[in-house]
Amino acid sequence: MAKINFGGTIEEVVTREEFPLSKAQETLKDETIAVIGYGVQGPGQALNLKDNGINVIIGQRKDSKTWDKAVADGWVPGETLFEIEEAAEKGTIIQYLLSDAGQITLWPTIKKHLTAGKALYFSHGFGITYKDQTGIVAPEDVDVILVAPKGSGTSLRRLFLEGKGLNSSFAIHQDATGKARDRAIALGIGVGSGYLFETDFRKEVFSDLTGERGTLMGAIQGIFAAQYEVLRNNGHSPSEAFNETVEELTQSLMPLVAENGMDWMYANCSTTAQRGALDWWKKFRDATLPVFNELYDSVSTGKESQRSIDSNSKSDYRVKLDAELKELQDSEMWQAGKAVRSLRPENQAEEI
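Residues numbered from 1 in each chain as written. Predicted model: local features only at pLDDT ≥ 70, side-chain atom pairs only at ≥ 80, totals over all residues. Heavy atoms only, no water.

### Notes on the UniProt feature "binding site: Mg(2+) 2" (unreviewed entry) in the protein chain
Per the UniProt record, the feature "binding site: Mg(2+) 2" (unreviewed entry) sits at Asp208, Glu244 and Glu248. Separation in sequence by 41 residues is matched in space for these annotated residues, since their most distant C-alpha atoms are 28.7 Å apart. By secondary structure assignment, the location of Asp208 is in helix H10 (residues 201-213). When its relative accessible area of 18% is taken as the criterion, Asp208 is described as buried. Structurally, Glu248 is set in helix H12 (residues 238-260). Given a relative accessible area of 38%, Glu248 falls into the partly exposed group. Look past the residues within four positions of Glu248 in its chain and what remains in contact with it is Asn243 and Leu253. (UniProt positions renumbered as here; feature names shortened; annotations may be inferred. Helix = DSSP H or I, 4+ residues; strand = E, 2+ residues; numbered from the N terminus. Buried < 20%, exposed > 50% of the residue type's maximum accessible area, 1.4 Å probe, protein only. Contact = heavy atoms within 4.5 Å.)

### Details of H10
The end-to-end C-alpha distance of H10, which contains 13 residues, comes to 18 Å, matching closely the 18 Å that a straight helix rising 1.5 Å per residue would cover. If you check which residues of H10 are buried, you get Phe201, Glu204, Val205, Phe206, Asp208, Leu209, Thr210 and Gly211. Those residues of H10 that are buried lie in contact with strand E7 (119-122), helix H6 (126-129), strand E8 (143-149), strand E9 (166-174) and helix H14 (271-300). The N-capping residue of H10, defined by a side-chain oxygen 3.1 Å from the backbone nitrogen of Arg202, is Asp200. (Expected span 1.5 Å × (residues − 1). Polar contact = N/O pair within 3.5 Å; in protein donor to acceptor, adjacent residues only side chain to side chain.)

### Overview of the packing of helix H11 (residues 218-233) against helix H17 (residues 332-342)
Contact geometry for H11 and H17: axes closest at 10 Å, N-to-C directions at 90 degrees. Considered as vectors, H11 and H17 are oriented roughly perpendicular to each other. Along the contact surface, H11 presents Gln221, Phe224, Ala225, Tyr228 and Arg232, while H17 presents Glu332, Met333, Trp334 and Ala336. Tallied by class, residues from the contact of H11 with H17 come to six nonpolar, one polar and two charged. (Axes fitted to C-alpha atoms, helices over the stretch in contact; angles between N-to-C directions. Parallel < 35°, antiparallel > 145°, perpendicular 65-115°, else oblique. Nonpolar A, V, L, I, M, F, W, Y, C, P; charged D, E, K, R; others polar.)

### Regarding the sheet that holds strand E3 (residues 33-36)
With respect to topology, ten strands assemble into an open sheet ordered E1-E2-E10-E9-E8-E7-E6-E3-E4-E5, the strand pairing being mixed. At either end of the open sheet lies a strand with only one pairing partner, and these are strand E1 (2-6) and strand E5 (81-82). As paired strands, E9 and strand E10 (residues 193-198) are joined by four bridges and run parallel to one another. Across the sheet, residue Phe170 finds its bridge partner in E10, namely Glu198. Against the sheet, H10 makes contact with E7, E8 and E9, and its axis sits at roughly 30 degrees relative to E8, the strand it touches most. (Pairing = 2+ DSSP bridges.)

### A short note on unusual backbone geometry
In this model, Asp63 sits at a positive phi of 60 degrees, which is unusual for a non-glycine residue. Along the chain, Asp63 turns up in the loop between strand E4 (56-59) and helix H3 (65-72).

### Digging into the UniProt feature "domain: KARI N-terminal Rossmann" (unreviewed entry) in the protein chain
Look at the UniProt record and you will see "domain: KARI N-terminal Rossmann" (unreviewed entry) annotated at residues 10-199. For residues 10-199, the helix share is 38%, the strand share is 24%, and the end-to-end C-alpha distance is 15 Å.

### Some points on the side chain of Gln45
Here Gln45 shows up in helix H2 (residues 42-51). Filtering out sequence-adjacent residues up to four positions away, Gln45 remains in contact with Gln95, Leu97, Tyr121, Ser123, Pro149, Leu156 and Val191.

### Side note on the pattern of salt bridges
In the structure shown here, the tally under the stated rule is 20 salt bridges. Between Asp143 and Arg183 there is a salt bridge; the shortest N-O distance is 2.8 Å. In this pair, Asp143 sits in strand E8 while Arg183 sits in helix H9 (residues 180-190), placing the two residues 40 residues apart along the sequence. For Asp143, a relative accessible area of 0% translates into the label buried. The network of salt bridges with shared partners includes Glu26, Lys29 and Asp30. (Salt bridge = Lys/Arg side-chain N within 4 Å of Asp/Glu carboxyl O.)

### Concerning the packing of H11 against H12
One way to put it is that H11 packs onto H12 with a least axis distance of 9 Å and a crossing angle of 150 degrees. Between H11 and H12, the interaxial angle falls into the category roughly antiparallel. Crossing of H11 against H12: the hand is right-handed. Taking contact as the criterion, the partners of Ile220, Phe224, Gln227, Tyr228, Leu231 and Arg232 in H11 are, on H12, Pro238, Ala241, Phe242, Glu244, Thr245, Val246 and Leu249. Residue composition of the contact of H11 with H12, grouped by class: nine nonpolar, two polar and two charged. (Left-handed = near helix turned anticlockwise from the far one by under 90°.)

Set out below in structure tokens:
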């Protein structure tokens, strides 16, 4: 493992240099990877593994939209695409990539096919960490491993096709065979990770749930909404409010942060912007820190997981979810965003 200095903290990570694709292929040459679930992470991981020369099959319910999607992606019924139980039986490594609620429902079926020496693979620590809520406890004679790409399956696939990678965490919960670590790292390389950093199932799910509710989705939507509302209430047009709140951030500044870091972006903006940002960022930190502490406590005590399980298991969950998503879609801010995106040069037809 490579030792990298992360701001003064030395951390060991796995890169493609010390664990190249050829080593991953050799490690997995006698394995059959059964990807159960073809929704969010399944397509990206499965297609990347296949393109990297790994033996992959898909397990999905027949006559479902995701079955049809798998067929459209090139998986062949009876050869590389099977009903869930048949795929789980054939697989030596079962990649359990259903939703958290789906994993709970299907667990009795999958557990039957976890015979000695197999590996159970997750991309989220939810099911194992909250076992008292999910009932997911693996047999003692199988490996239990995790590779969690730090992004969507769509991004994982897109970056792979561009010759890039999406960083992933990996974890070993149970090493029954003595080869769990190599299996996990090989799969991490195979699915297209940029580099891999080690964690455990508990830390993965705690950080993941905090991030989703925090800066990745929940907090940033809340901050967007607050700033947009202030600008609109003070007489700014929807176009001006959206551009100053979202468009400039996502189209101009965040790409610079991704390439060079926030410090570089601060150093390369106007002196007026520098002064304002330096004066105000700590105020925003201090204002939101109590909210993040409350959020982390809710995650670590199992309140968030129980709420998710309870909500997702209700018969009217999808109807209520669609209504909440429609509220976002129909908000003036995101309607303004739709209009702004349509006006980007790449989205306009050439005038003749």
